[in-house]
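Chain by chain, the residues:
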Amino acid sequence: MNENDYNFAFLDEGSKREIRRAIIKAITIPGCQIPFGSRELPIGRGWGTGGLQITLSIIGPDDILKVIDQGNDDSVNAISIKKFVSRCTGVEQTTDTQKATIIQSRHRIPEEKLGENHVLVLQVPNPEPLRSVERSVLKARQMHGDTEYSAAWLLLYEQIVRYGKITMGAGYPVLVDGRYVMAPSPIPRYDTLGLDDADCLYLFGAGREKMIYAVPPHTSVVPLDFDDFPFELENVEERVCRICGAENVYFDEIFDSETGERHYQCSDSGFCAKNAAAKQI
Amino acid sequence: MDQIMKVNELSVVYGKGCDYCRDSNNPLEKNRCPHCMAVCAVRDISLELYDSEILGVVGESGSGKTTLMKALYFDIIPTKGSAYLAAYNNGETDIFSVSSQQQRAIRNNLLGMVYQNPVMGLLMNYSSGGNVAQKLIAAGHRNVAAMQERTAQLLDHMEIPLNRVKEPPRNFSGGMQQRVQISKAIANNPPVLLLDEVTTGLDLSVQAKVLDLIRMVQKQLNISVIVVSHDLAVIRMLSDRTVVMLDGQIVEHGFTDQILEDPQHWFTQTLVHSLI
Ligand SMILES: Nc1ncnc2c1ncn2[C@@H]1O[C@H](COP(=O)(O)OP(=O)(O)OP(=O)(O)O)[C@@H](O)[C@H]1O
Ligand SMILES: [Mg+2]
Ligand SMILES: [Zn+2]
């Protein structure tokens with residue numbers, strides 16, 4: 001028993017087992033949304049409770065936890081999740097991607113390449129890529145079952161017709177393992193390619209919608225696109241991090257309203273600190 | 001003449017049904033089973049559709065026409081019966097027996113449907129062009145420029161002006177919405193086109209135009225069409241052969257001219273006489 005008299009990792013063993021079963025099912029059917037009985041947590045829904053329940057279900061005493069919010073280890077949300085997990089498990093925390101074994105994240109995949117020793121847990125607000133075309137959950141499930149994905153492509157088609165290009169920013173829809181179309185949570189387009197043929201395991205949890213899905217290691221993940229409008233990354237050329245000098249990473253844009261200047265800095269704060277420290281030596 | 005589609009003893013029951021109403025020789029109260037109160041919307045319907053013909057299905061409101069069409073387009077799972085399409089596995093496989101995924105493929109590639117209610121057939125908030133393109137996307141097209149060209153061409157064919165292609169159908173009149181539905185339905189050159197009350201609720205002049213366009217499309221594409229209407233005037237204008245439905249059953253079938261000249265069943269006689 002730990003200091004708070006809660007079960008290890010807060011959830012009771014029965015709940016953890018149920019969530020693990022959903023995770024295993026999700027891993028065996030890559031990209032397919034698996035329902036689970038979302039539990040109440042001392043954190044409001046919509047604040048990453050889906051991701052948190054996954055983390056709590058898979059974490060063991062020897063794990064090392066990193067939590068990021070939009071790439072940032074130090075945001076209020078990331079810190080409160082980290083604190084909570086540490087208190088009910090006693091596991092070590094880190095901001096170092098390489099050191100971590102479980103990384104819970106909102107909106108980003110870390111810049112440093114994840115390996116076989118990593119599980120990345122992503123918090124998902126809206127797991128259903130067909131939602132904007134089909135409001136009925138039941139019908140959307142039927143469409144997944146039938147691989148009827150014309151609506152997902154139509155969404156992109158409409159953007160091209162209207163704006164001359166695909167304007168979908170975050171949460172770009174992908175085809176997983178040639179079978180399921182998946183909403184990869186609101187990660188930027190830049191991160192989408194990191195899902196393909198990765199060494200690590202990606203787990204996605206939606207607390208409000210009570211869904212879990214997964215991209216196991218070395219699974220093919222292909223962004224939806226058209227022959228004449230292929231998938232393109234956001235333009236990051238000629239941008240340099242003002243803190244660590246990194247190029248070709250994903251940046252936060254900072255606008256200085258006094259000077260009117262635009263600055264860029266790494267969105268991944270852990271990577272940025274490491275990179276800056278390495279340059280000092 | 002080659003058979004394009006064959007439907008055998010198709011039934012759709014809303015409700016559980018019972019032994020009494022499952023036997024199609026037992027009389028119902030209109031289409032309702034007096035024992036279990038189930039609605040036998042379509043009852044043991046068999047029909048054939050031949051190459052390049054327009055087959056009319058006429059019947060009063062509630063006779064089961066829409067239910068029949070929706071069953072053929074896999075929107076409703078039939079209670080019993082089978083159907084065969086020449087274009088699917090040489091007409092050797094009952095299309096109701098295959099997986100729902102296969103049925104989607106049949107629907108996307110071999111059938112076109114125009115719904116009585118445009119809300120069923122169109123995404124009202126997407127562009128009209130996009131609505132038509134969706135059918136192309138569903139059939140595997142992945143080139144935007146080519147799809148845009150084909151879409152504009154189809155809509156132009158249906159006399160939707162080019163400068164309105166980007167507008168959503170919700171901005172359109174009923175007649176225009178039906179023409180967008182037709183464009184979508186024929187986008188993949190399906191061998192079979194299903195039209196459910198395409199002209200119902202439209203002004204007479206608009207009706208005439210839509211009917212003209214349907215005839216033109218049928219000739220140009222050489223497709224087989226099932227056209228459903230409660231209005232014998234529409235059937236007379238379009239169809240070569242006609243079946244007459246009453247309370248979920250076919251009560252008369254034959255060449256449209258013959259049926260009009262010499263109706264056999266009392267219900268057809270009433271229909272024909274009210275036409276004059
Ligand atoms: N979802 C449903 N549940 C129960 N009964 C239904 C349902 N849909 C239709 N029906 C009934 O089935 C019968 C056939 O309806 P259907 O809509 O197929 O007729 P229709 O010939 O297309 O009529 P209309 O000319 O008015 O379009 C009617 O008695 C109708 O009330
Ligand atoms: Mg009807
Ligand atoms: Zn009955």
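Parameters and conventions
Residues numbered from 1 in each chain as written. Chains lettered and ligands numbered in written order. Predicted model: local features only at pLDDT ≥ 70, side-chain atom pairs only at ≥ 80, totals over all residues. Helix = DSSP H or I, 4+ residues; strand = E, 2+ residues; numbered from the N terminus. Rg over C-alpha atoms; globule rule 2.2 N^0.38 Å. Buried ≥ 20, exposed ≤ 12 C-beta atoms within 10 Å, placed from the backbone. Contact = placed C-beta atoms within 7 Å. Near = placed C-beta within 6 Å. Nonpolar A, V, L, I, M, F, W, Y, C, P; charged D, E, K, R; others polar. Axes fitted to C-alpha atoms, helices over the stretch in contact; angles between N-to-C directions. Parallel < 35°, antiparallel > 145°, perpendicular 65-115°, else oblique. Left-handed = near helix turned anticlockwise from the far one by under 90°. Core = buried A, V, L, I, M, F, W, Y, C linked by C-beta atoms within 7 Å. Pairing = 2+ DSSP bridges. Domains from an automatic or database assignment.

Re the overall build of chain B
Part 1 of the argument: A tally of helices and strands in chain B yields 11 helices and nine strands.
Part 2 of the argument: At 19 Å, chain B has a C-alpha radius of gyration in line with the 19 Å of a compact globule built from 276 residues.
Part 3 of the argument: Dimensions along the principal axes, computed over C-alpha positions, put chain B at roughly 55 × 45 × 35 Å.
Part 4 of the argument: Here chain B holds 276 residues, and the buried ones make up 49% of them.

Here's the deal with the interface of chain A and chain B
Part 1 of the argument: In this assembly, 16 residues from chain A lie in contact with 18 residues from chain B.
Part 2 of the argument: Take the side of chain A that touches chain B: its biggest share by element is seven residues, from helix α5 (residues 150-163) of chain A.

Considerations on the site of ligand 1
Part 1 of the argument: Of all residues adjacent to ligand 1, which total 14 residues, the nearest are Tyr14, Ala41, Ser61, Thr66 and Thr67 of chain B.
Part 2 of the argument: Here the residues of the shell around ligand 1 are counted per class, giving three nonpolar, 10 polar and one charged.

Details of the packing of α5 of chain A against helix α5 (residues 128-138) of chain B
Part 1 of the argument: Relative to each other, α5 of chain A and α5 of chain B sit at 135°, their axes nearing to 9 Å. Taken as axis vectors, α5 of chain A and α5 of chain B run oblique relative to one another. Handedness of the crossing formed by α5 of chain A with α5 of chain B: right-handed. Within the contact between the two elements, α5 of chain A uses Ser150, Trp153, Leu154, Tyr157, Glu158 and Val161 of chain A and α5 of chain B uses Gly129, Gly130, Ala133, Gln134, Ile137 and Ala138 of chain B.
Part 2 of the argument: Class assignment for the residues of the contact of α5 of chain A with α5 of chain B results in seven nonpolar, four polar and one charged.

Concerning the environment of Ile76 of chain B
Residues and elements named next belong to chain B.
Part 1 of the argument: When you line up the elements, Ile76 lands in the loop between α2 (65-72) and β4 (80-85).
Part 2 of the argument: Placed 27 residues apart in sequence, Ile76 and Gln103 show a C-alpha to C-alpha distance of 12 Å.
Part 3 of the argument: If near-sequence neighbours (up to four positions away) are discounted, Ile76 is found in contact with Val12, Thr67, Lys70 and Ala71.

With respect to the environment of Tyr172 of chain A
Residues and elements named next belong to chain A.
Part 1 of the argument: Along the chain, Tyr172 turns up in the loop between α5 and β6 (174-176).
Part 2 of the argument: It is 13 Å that separates the C-alpha atoms of Tyr172 and Val124, two residues lying 48 residues apart in sequence.
Part 3 of the argument: Contacts of Tyr172, omitting those with residues within four sequence positions, involve Pro184, Arg189, Thr192 and Pro223.

Quick notes on the nonpolar core
Part 1 of the argument: By size, the foremost hydrophobic cluster in this structure holds 143 residues, and its most contacted members are Tyr202, Leu203 and Ile212 of chain A together with Val192 and Leu195 of chain B.
Part 2 of the argument: Ranked by residues supplied to this core, first place goes to α5 of chain A with seven residues.

So, the sheet that holds strand β8 (residues 241-246) of chain B
Consider a sheet: its strands pair through backbone hydrogen bonds, and that pairing is either parallel or antiparallel.
All names here are of chain B.
Part 1 of the argument: Across the sheet, which stays open at both edges, the six strands sit in the order β5-β6-β7-β3-β8-β9 with mixed pairing between neighbours. Looking along the sheet, the strands with just one partner apiece sit at the ends: β5 (111-114) and β9 (249-255). Between one strand and the next, the sheet's axes are offset by a mean angle of 15°, whatever the strand orientation.
Part 2 of the argument: With four bridges joining them, β5 and strand β6 (residues 192-196) adopt parallel strand pairing. Its bridge partner being in β6, Leu111 is matched across the sheet by Val192.

Examining the domain arrangement of chain A
Residue and element names in this part refer to chain A.
Part 1 of the argument: Per the domain assignment, the segments making up chain A are domain 1 (3-223) and domain 2 (235-281).
Part 2 of the argument: Taking the mean C-alpha position of each, domain 1 and domain 2 sit 26 Å from one another.
Part 3 of the argument: On the side of domain 2, 10 residues touch domain 1, which itself brings 15 residues to the contact.
Part 4 of the argument: Here the residues of the side of domain 1 that touches domain 2 sort into three nonpolar, five polar and seven charged.

Side note on the packing of α5 of chain B against helix α7 (residues 174-186) of chain B
Residue and element names in this part refer to chain B.
Part 1 of the argument: Interhelical geometry of α5 versus α7 gives an angle of 25° and a closest axis separation of 7 Å. Considered as vectors, α5 and α7 are oriented roughly parallel to each other. The way α5 lies across α7 gives a crossing that is right-handed. Facing Ser128, Asn131, Val132 and Lys135 of α5, the residues of α7 in contact are Val180, Ser183 and Lys184.
Part 2 of the argument: Here the residues of the contact of α5 with α7 sort into two nonpolar, three polar and two charged.

Considering helix α3 (residues 100-110) of chain B
Part 1 of the argument: Among all positions in α3 of chain B, only Ile106, Arg107, Asn108 and Leu110 of chain B are buried.
Part 2 of the argument: Buried residues belonging to α3 of chain B abut β4, β5, α5 and β6 of chain B.

Digging into the sheet that holds strand β2 (residues 39-50) of chain B
Residue and element names in this part refer to chain B.
Part 1 of the argument: One open sheet holds the three strands; their spatial order is β2-β1-β4, and the pairing between them is antiparallel. Unpaired on one side and paired on the other, β2 and β4 mark the two borders of the sheet. Across the sheet, the mean angle from the axis of one strand to that of its neighbour is 10°, orientation sign disregarded.
Part 2 of the argument: As paired strands, strand β1 (residues 3-14) and β2 are joined by eight bridges and run antiparallel to one another. Within β2, the position partnered with Gln3 by the bridge is Tyr50.
Part 3 of the argument: Of the strands in this sheet, β1, β2 and β4 are in contact with α2, which crosses β2 at around 60°.

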